[in-house]
Amino acid sequence: MKKSAFTFFTPFFAVLLILPFIGSEYSNDWVIKTVIFAIFALSLELLVGTTGLVCFGQAAFFGVGAYVAVLLSAQYPSPSLWILLGACIAASAALACVVGALSLRTQGVYFIMVTLAFAQMVYYIVHDTPLGGGTDGIYLNSKPKLFLDYGLDNPLIFYYFAVASLLVVLLFLGMMLRSRFGHALVGIRINEHRMRATGYDTYFYKLAVFIISGAIAGLAGFLFAIKDGFVNPELLSWHQSGAVLIMIILGGLGYLRGAVIGAFAFALLEEFFRSEAIFGAFSKHWHLGLGLAIIFCVALLPKGLVSLPAYWQARLTGRWGGSTNKDPHSGANS
Amino acid sequence: MENSYSQDVLLHAKQLVRRWGGLVAVNNVGIELRRGEIHAVIGTNGAGKSTLINLLSGEIPVSSGTINILGADVTTWSQPKRAQSGLGRSYQRNTIFPDLSVFENCRLAAQAHDQKAWMIWQDADQCNYSVSKANAVIEKTGLKEVKSRIAGALSHGQKRQLEVAMCLATDPVILLLDEPLAGMGADETERMLSFLNELKPSHAILLVEHDMDAVFRIADRITVMVNGSVIACGTPAEVREDRNVQIAYLGAE
């Protein structure tokens with residue numbers, strides 16, 4: 001792990017570990033929801049930031065993970081956690097395999113549109129058929145057990161389970177990006193044409209990363225379903241795909257911590273603009289405030305919140321501009 | 001005699017045709033590349049030289065004709081598959097990875113022959129094959145001093161060198177070089193030419209080049225293209241004497 005990543009993640013996880021003992025029930029719930037969105041954002045960062053594939057249908061994999069968790073535990077009460085988790089990840093990965101196999105034949109803006117189209121198809125299947133309970137959504141009737149009698153219905157156990165999931169995803173991605181596969185993905189983002197001329201069958205690389213990304217989004221969906229014990233079609237809507245795309249842009253593309261920072265920043269901004277204590281009646285229109293704040297952030301820091309320390313440092317030494325050319329991808333990103 | 005001769009033909013293309021709608025960019029072109037030979041293709045802009053390279057490397061499919069590499073018919077093979085089988089190409093415009101270091105550019109190119117994408121637990125920097133191969137081509141092409149520099153920050157000549165280094169990192173036996181001398185200074189040109197001569201004994205080289213002095217000095221065989229067709233093919237002396245070439249290309253009357 002690079003030093004800058006280490007200096008961010010060590011205190012980050014330290015805070016997450018002690019938070020349940022000092023925070024309120026509400027704040028713990030908020031944090032864990034954001035941790036789940038951070039995992040979701042990481043799945044998209046792998047596609048957009050690393051490989052350069054702008055997927056606008058990521059919510060489909062998230063939603064399918066969530067729906068499979070709920071539907072399966074309705075079929076088989078008190079399911080085994082690992083089997084349920086495996087099923088959710090496998091279902092999302094399988095969907096990603098099909099969507100990826102077809103959409104990766106297109107490029108650029110067509111890819112964006114095709115992934116959106118597939119996600120909308122999945123959305124309408126869930127929304128308009130009795131399969132997933134229609135627009136009302138469905139409730140989860142039993143949460144899986146972690147071991148013995150300690151189940152994920154215990155908020156504290158679930159909290160640590162979700163934090164551990166985030167850590168595992170981060171370690172997995174960090175390792176993968178340092179490997180030959182990860183380096184090839186960076187090559188594909190920078191110059192896919194050259195990669196093909198060099199002898200890489202880039203289609204299979206892109207399909208592999210698409211499936212891995214779908215699987216991670218499925219994990220996030222699973223956690224989301226277990227957390228709330230409720231799923232509805234909005235989980236699969238294009239708003240969700242857009243929100244997660246904004247998270248990684250806000251945080252800074254090309255860094256794993258960018259996705260995590262972005263998820264938290266997005267959630268904080270949302271919380272802030274929705275607060276009736278601050279905005280009174282205007283808090284109804286929180287989308288407007290959130291949108292303006294995001295535009296402001298991105299305009300001020302085009303490389304995302306990740307670049308904030310470098311920005312401050314440069315302001316102090318008066319050399320902002322020179323350091324903007326530094327590319328995050330010159331090494332493996334972690 | 002006939003037999004040993006054909007063993008050295010590493011690439012053999014017959015009756016290649018590429019149409020873009022009504023335009024015939026490459027019209028019935030045949031070419032043979034032999035080990036130990038630099039085969040130059042010359043012609044005015046739009047004569048179909050780059051299209052020919054693109055057809056040979058598999059970047060665009062042929063409309064008709066066959067391409068044979070090392071005894072295998074590769075006409076329907078994808079570009080990555082052809083690259084894997086020993087065909088390397090460099091581009092007219094720089095197509096290096098500008099954000100990566102010179103070393104990583106070469107290492108990534110070398111990695112194409114040792115991909116093992118599933119080995120996600122091993123650091124790419126610990127992949128011995130690609131690391132040592134990258135170091136070797138960097139040494140060979142004289143890029144050692146700029147090894148850790150970001151490729152986008154190199155001078156134009158160094159970028160051209162890197163382009164060739166990346167091509168060599170894939171261990172090709174056939175080199176398709178699209179204007180490797182473009183934009184190079186006199187010194188850099190000399191260095192590149194002597195480098196090509198060094199590569200010659202073990203490679204079959206196709207050279208598309210505009211610098212006529214360089215071409216007539218270094219090439220063993222020259223193919224002249226006009227409007228997608230071959231109008232002459234032979235040794236530099238034969239081509240220089242060719243009446244059609246003089247009229248069509250060299251401008252003599």
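Residues numbered from 1 in each chain as written. Chains lettered and ligands numbered in written order. Predicted model: local features only at pLDDT ≥ 70, side-chain atom pairs only at ≥ 80, totals over all residues.

Colleague: Sorry, what's going on with the interface of chain B and chain A here?
Modeller: On the chain A side, the residues contacting the 28 residues of chain B number 25 residues. Where the side of chain B that touches chain A is concerned, the elements lending two or more residues are α3 (79–84) and α4 (102–111) of chain B. Element by element, the count of residues in the side of chain B that touches chain A is highest for α3 of chain B, at four residues. Residue classes in the side of chain B that touches chain A are distributed as 14 nonpolar, 10 polar and four charged. (Contact = placed C-beta atoms within 7 Å. Helix = DSSP H or I, 4+ residues; strand = E, 2+ residues; numbered from the N terminus. Nonpolar A, V, L, I, M, F, W, Y, C, P; charged D, E, K, R; others polar.)

Colleague: Even after reading the chapter, I still don't get the nonpolar core, so can you show me in this structure?
Modeller: Nonpolar side chains in soluble globular proteins generally cluster together in the buried interior. Core analysis: the biggest nonpolar cluster contains 174 residues, and A38, I39, A41 and M247 of chain A together with C106 of chain B have the highest contact counts within it. Here the element with the most residues in this core is helix α8 (residues 202–228) of chain A; it accounts for 15 residues. Once residues lying within four places of it in the same chain are set aside, the contact partners of M247 of chain A are F37, A41, A259, G262, A263 and F266 of chain A. (Core = buried A, V, L, I, M, F, W, Y, C linked by C-beta atoms within 7 Å. Buried ≥ 20, exposed ≤ 12 C-beta atoms within 10 Å, placed from the backbone.)

Colleague: Please explain the environment of E238 of chain B as it appears in this structure.
Modeller: Positionally, E238 of chain B belongs in helix α9 (residues 236–241). Put simply, E238 of chain B and R221 of chain B are 17 residues apart on the chain and 9.2 Å apart in space, counted from C-alpha to C-alpha.

Colleague: How do you make sense of the sheet that holds strand β9 (residues 221–226) of chain B when you look at a structure like this?
Modeller: Strand pairing in a sheet relies on backbone hydrogen bonds, with the paired strands running either antiparallel or parallel. Residue and element names in this part refer to chain B. Judged by pairing direction, the sheet is mixed, and its six strands sit side by side in the order β6-β7-β8-β3-β9-β10 without closing on themselves. Strand pairing shows two members of the sheet lacking a second neighbour, β6 (87–90) and β10 (229–234), which therefore form its edges. Here the strands of the sheet are splayed against their neighbours by 15° on average, with no regard to which way each runs. Bridge count for strand β7 (residues 174–178) against strand β8 (residues 204–208) is five bridges, and the pairing is parallel. Bridge pairing in β8 links L176 to L206. Those strands touched by helix α2 (residues 49–57) are β3 (37–43), β6, β7, β8 and β9, and its axis lies near 150° from that of β7. (Pairing = 2+ DSSP bridges. Axes fitted to C-alpha atoms, helices over the stretch in contact; angles between N-to-C directions.)

Colleague: Can you walk me through the packing of helix α7 (residues 180–198) of chain A against α8 of chain A in this structure?
Modeller: Packed helices, taken two at a time, are described by the angle between their axes plus the distance between the axes. Residues and elements named next belong to chain A. Where α7 contacts α8, the two axes come as close as 10 Å, and the packing angle between them is 155°. By the angle between their axes, α7 is roughly antiparallel relative to α8. For the crossing formed where α7 meets α8, the hand is left-handed. Counted together, A184, L185, I188, E192, M195 and R196 of α7 and T202, Y205, K206 and V209 of α8 form the full contact between these two elements. (Parallel < 35°, antiparallel > 145°, perpendicular 65-115°, else oblique. Left-handed = near helix turned anticlockwise from the far one by under 90°.)

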